[in-house]
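# Summary of the model geometry
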Amino acid sequence: MEQIICENLTLGYGGSILVEGLSFTVNQGDYLCIVGENGSGKSTLIKTMLHLQNPLSGKISLGKGISQNEIGYLPQQTAIQRDFPASVREIVISGCQARNPLLPFYTWEDKRLAAEKMERLGISQLATRCYRELSGGQQQRVLLARALCATQKILLLDEPVTGLDPNATLDMYGIISDLNRNEKISIIMISHDVEEALKYASHILHLGQDVFFGTKEDYCRKFAVDFAGRNA
């Protein structure tokens, strides 16, 4: 079932065009990794899909039964954001705001959902801890739990393992893969690491001089790499 349809997109800013004529579709259960050189338009595409900026031309539409507030987002963090002085529980439950933007308070259901997602991500014991006191891996779990409070359908992840140590990186990839395989959440993830992308993705969108969208298998054939991201 189609969830996000991008048709003939031209993306850019400040008079600069980054991508032209881009078309692709994300179906339910897909694990799409967006790869490409720095400055190729990966983050711009994610922001456009979130309606944080407009395409220069073309359109993005949502499939039947999908609304914009059902897309969870895990952005890259700045140093200031990593130092945010709020409790883990406060950050996680804030993900519920998109579903009830007009309510001035959190409902019982919001609180139950936040507790459920903290349990799912293994961070219940951190609920009262200050976010800025956590490790990088713990912070990413908190932000992922927050994103899951907004959606059970689609997650957009912008370089979710940047700055993590190898163990935390492996752990995060495992959690994301499990959400995709066992909970059928569609994943759209920017990655700078083609090798890791090919381990988990069902589809690849490559931006840059050679634009490609298709299955992982077709990507490997076109670019002559194996499933470990090495030249074949």
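Whatever comes next refers back to the structure up there.
Only a predicted model underlies this, so the values are computations on that prediction, with no experimental measurement involved.

Let us now look at the sheet that holds strand 5 (residues 71-74). Spatial ordering of the open sheet is given by 5-6-7-3-8-9, a layout of 6 strands whose pairing is mixed. Only two strands of the sheet have a single neighbouring strand rather than two, namely strand 5 and strand 9 (212-215). Each strand axis lies, on average, 15 degrees off the axis of its neighbour in the sheet, ignoring direction. One ladder, built from 4 bridges, connects strand 3 (residues 31-36) with strand 7 (residues 186-190); its direction is parallel. Within strand 7, the residue paired with isoleucine 34 across the bridge is isoleucine 190. In the packing of helix 8 (residues 216-223) onto the sheet, contacts are made with strand 3, strand 8 (203-207) and strand 9, and the angle to strand 9 comes to roughly 125 degrees.

The next point concerns unusual backbone geometry. The residue asparagine 8 is not glycine, and still its phi comes out positive at about 50 degrees. Relative to the helices and strands, asparagine 8 is located in strand 1 (residues 2-13). Despite not being glycine, histidine 51 shows a phi value in the positive range, around 65 degrees. Within the secondary structure, histidine 51 is located in the loop between helix 1 (42-49) and strand 4 (57-62).

What follows deals with the sheet that holds strand 2 (residues 16-27). Within a sheet, each strand pairs with its neighbour through backbone hydrogen bonds, oriented either parallel or antiparallel. One open sheet holds the 3 strands; their spatial order is 2-1-4, and the pairing between them is antiparallel. With partners counted over all chains shown, the strands left at the sheet margins are strand 2 and strand 4, one partner each. Pairs of neighbouring strands in the sheet enclose a mean axial angle of 15 degrees, with direction left out of account. Summarising the sheet, strand 1 and strand 4 pair through 5 bridges and their orientation is antiparallel. Within strand 4, the residue paired with cysteine 6 across the bridge is isoleucine 60. Across the sheet, helix 1 touches strand 1, strand 2 and strand 4, and the angle it forms with strand 1 is around 125 degrees.

For the rest of this paragraph, the subject is the packing of helix 5 (residues 136-150) against helix 6 (residues 166-183). Two numbers describe how helix 5 lies on helix 6: the axes approach to 10 Å, and their chain directions differ by 15 degrees. Accordingly, the angle class assigned to the pair helix 5 and helix 6 is roughly parallel. The hand of the helix 5/helix 6 crossing is right-handed. Of helix 6, the residues touching helix 5 (which contributes Gly137, Gln140, Arg141, Leu144 and Leu148) are Ala168, Asp171, Met172, Ile175, Ile176 and Leu179.

Okay, the pattern of salt bridges next. Under the defined criterion, the tally for this structure stands at 12 salt bridges. In this structure, arginine 112 engages glutamate 109 in a salt bridge whose closest nitrogen and oxygen atoms are separated by 2.6 Å. Note that arginine 112 and glutamate 109 are positioned in helix 4 (residues 108-120) at a spacing of 3 residues, about one turn of the helix. For arginine 112, a relative accessible area of 31% gives the class partly exposed. By relative accessible area, glutamate 109 is classed as partly exposed at 33%. The shortest N-O distance in the salt bridge between arginine 120 and glutamate 183 comes to 2.6 Å. Taken together, the residues span a long stretch of sequence, with arginine 120 in helix 4 and glutamate 183 in helix 6 at a distance of 63 residues. Residue class for arginine 120 comes out partly exposed when judged on its relative accessible area of 29%. Overall, the relative accessible area of 28% leaves glutamate 183 in the partly exposed class.

About the thresholds
Every chain is numbered on its own, with residues counted from 1 as its sequence reads. With pLDDT at 70 or above as the cut-off, local features in this predicted model cover only qualifying residues; side-chain atom pairs require 80 or more to be listed or tallied, and sums for whole chains, interfaces and linings still use all residues. Only hydrogens and water are set aside when side-chain values are computed; all heavy atoms of the structure are taken into account. Two strands qualify as a pair provided DSSP detects at least 2 bridges between them. Numbered from the N terminus, helices here are DSSP runs of H or I no shorter than four residues, and strands are runs of E no shorter than two. Fitted lines through C-alpha atoms serve as axes, helices being fitted only where they are in contact, and the angles separating the N-to-C directions of these axes extend from 0 to 180 degrees. Here, residues are in contact when the closest pair of their heavy atoms is within 4.5 Å. Any angle from 65 to 115 degrees is called roughly perpendicular, while one under 35 is roughly parallel, one over 145 is roughly antiparallel, and all others are oblique. Each crossing is labelled by how the near helix is turned from the far one, with a counterclockwise turn of less than a right angle marking it left-handed and a clockwise turn marking it right-handed. The salt bridge criterion pairs a side-chain nitrogen of Lys or Arg with a carboxyl oxygen of Asp or Glu, the two atoms within 4 Å. Under the scheme applied here, a residue whose accessible area is under 20% of the maximum for its type counts as buried, over 50% as exposed, and between as partly exposed, the area being computed with a 1.4 Å probe on protein chains only.

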